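A look at the structure
Chain residues, written in single-letter form:
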Amino acid sequence: MEKWFKVRRGQNSKCRKKERKKERKKERKKERRKEGRKEGRKEGRKEGRKEGRKEGKEGRKEGRKEGRKEGRKEGRKEGRKEGRKEGRKEGRKEGRKEGRKEGRKEGRKEGRKEGRKEGRKEGRKEGRKEGRKEGRKEGRKEGRKEGRKEGRKEGRKEPI
């Protein structure tokens, strides 16, 4: 049969007390679990930190290894760069030396050529001068000869 009236329980009735007890128990359990979790987390963190520190030390080891590797790489790079720089410098020096040598050789060659040209020019000039001189001399000689001849001829013609 259905209840056609509401049962009003009092505030301090037995069932209410039981309910409250159950709730309190539940909350205590919850809190205990919460605190346990908190402490567990704390300890875990502590241990984790410890292990992490230990592993961090290994990191230093690895870092040193990698650093050495990278350093060697960079050193090689820089060395190559400096080597190239020095090589270029030395090459330039040697090139200049060789260039000077070749330039001297070519200059001598050109100088000889020009000298020959100028010598020929001057020789021709001097030859012309001398030729003129000699021509004059010979002309004078021949003129004298002819004059003598004509004078002899004329002298023969004229009665003394």
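Provided above is the structure to which this section pertains.
Residues numbered from 1 in each chain as written. Predicted model: local features only at pLDDT ≥ 70, side-chain atom pairs only at ≥ 80, totals over all residues. Heavy atoms only, no water.

**Some points on the overall build of the protein**
Along its length, the protein carries one helix and zero strands. Relative to the 2.2 N^0.38 estimate, which gives 15 Å for 160 residues, the radius of gyration of the protein is 65 Å and therefore markedly larger than a compact globule would have. Burial statistics for the protein: of 160 residues in total, 1% are counted as buried. Of the roughly 18200 Å² of accessible surface on the protein, 47% is carried by carbon and sulfur atoms. (Helix = DSSP H or I, 4+ residues; strand = E, 2+ residues; numbered from the N terminus. Rg over C-alpha atoms; globule rule 2.2 N^0.38 Å. Buried < 20%, exposed > 50% of the residue type's maximum accessible area, 1.4 Å probe, protein only. Areas by Shrake-Rupley, 256 points an atom, 1.4 Å probe, with all protein chains shown as cover.)

**Brief notes about the environment of E74**
Within the secondary structure, E74 sits in helix α1 (residues 14-157). Placed 57 residues apart in sequence, E74 and G131 show a C-alpha to C-alpha distance of 82 Å.

What is shown is where atoms sit, not what they do.
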